[in-house]
Amino acid sequence: MVFLANFLLMLRDYSQFKKYNTRVGDMLRSLDDQSDEHFLAAHPTENSDLLLKIRQAISDFFEVPSTKIHRDAHLIDDLNVHKLQPSFQFSVVNTVISSQPDKQNSFFFCMDDINTIDEFAQAIANIPAKIDNNA
């Protein structure tokens, strides 16, 4: 009975994930394309490489071209990240952090109070750098 209940809960969670992921992906595909230059020009920043990596990771998560991810996308209202949070956080945050050579292998990351791509980039930038124990 426990196995069956666990299996049914897993199916329910997967169907909800797929529903929201598909809905957001369809919405993103309907948007106009936005070049990397226009994406970065929306709010000038020093973290342009990080922002482009976040953009690519988000586009991979929703299986859409990166040109469909706009800088002003609201993570909660537009992308439903709160409903996709465990998988979004694991996929996107892990991808971006692993691309940052100066970041720790283990870290704490919380999506609370992160609503925009800029806030997301700032939170990742604030993860402490690796500590070299060999020094």
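Since this is a predicted model, take the numbers as computed values, not measurements.

A.B. asks: Please clarify how the side chain of Asn 80 should be interpreted in this entry.
C.D. replies: Relative to the elements of secondary structure, Asn 80 occurs in the loop between α3 (48-62) and α4 (81-98). Among the residues examined, Asn 80 registers a relative accessible area of 13% and is labelled buried. Asn 80 has contacts with Tyr 20, Val 24 and Leu 75, leaving out every residue within four places of it along the chain.

A.B. asks: Looking at this structure, I do not really get the nonpolar core. What am I missing?
C.D. replies: One recurring pattern in soluble globular proteins is that nonpolar side chains are buried together. Of all hydrophobic cores here, the largest spans 31 residues; its most connected members are Ile 54, Ile 58, Phe 62, Leu 79, Phe 88, Ile 117 and Phe 120. When contributions to this core are tallied by element, the ones reaching two or more residues are α1 (2-29), α3, α4 and α5 (117-125).

A.B. asks: Would you take a moment to explain the confidence of the model for the protein for this structure?
C.D. replies: Low-pLDDT portions of the prediction should not be read for the details of their coordinates. For the protein, the mean per-residue pLDDT works out to 85, and 90% of the residues sit at or above 70. Considering each helix and strand of the protein separately, the mean pLDDT is smallest for α4, with a value of 84, and largest for α3, with 93.

A.B. asks: Even after reading the chapter, I still don't get α3, so can you show me in this structure?
C.D. replies: Because the α-helix completes a turn every 3.6 residues, residues three or four places apart line up on one side. The first and last C-alpha atoms of α3 sit 21 Å apart over 15 residues, in line with the 21 Å expected at 1.5 Å per residue. Each element contacted by the buried residues of α3 is listed here: α1, α2 (36-41), α4 and α5. Of the residues one or two after α3, Glu 63 is the one with positive phi, at around 55 degrees.

A.B. asks: What is the right way to look at the pattern of salt bridges in this model?
C.D. replies: When charged atoms on two side chains of opposite charge get close, those side chains can pair. Taken as a whole, this structure holds 5 salt bridges when the rule is applied. Residue Asp 13 pairs with Arg 12 through a salt bridge whose shortest N-O separation is 2.8 Å. Judged by its relative accessible area of 39%, Asp 13 falls in the partly exposed class. The partner of Arg 71 in a salt bridge is Asp 118, and the shortest N-O contact between them spans 2.6 Å. One end of the pair, Arg 71, is in the loop between α3 and α4; the other, Asp 118, is in helix α5, with 47 residues separating them in the sequence. Given a relative accessible area of 3%, Arg 71 falls into the buried group. Among the residues examined, Asp 118 registers a relative accessible area of 27% and is labelled partly exposed.

Analysis parameters
Residues numbered from 1 in each chain as written. Predicted model: local features only at pLDDT ≥ 70, side-chain atom pairs only at ≥ 80, totals over all residues. Heavy atoms only, no water. Helix = DSSP H or I, 4+ residues; strand = E, 2+ residues; numbered from the N terminus. Buried < 20%, exposed > 50% of the residue type's maximum accessible area, 1.4 Å probe, protein only. Contact = heavy atoms within 4.5 Å. Core = buried A, V, L, I, M, F, W, Y, C linked by side-chain atoms within 4.5 Å. pLDDT = per-residue confidence, 0-100. Expected span 1.5 Å × (residues − 1). Salt bridge = Lys/Arg side-chain N within 4 Å of Asp/Glu carboxyl O.

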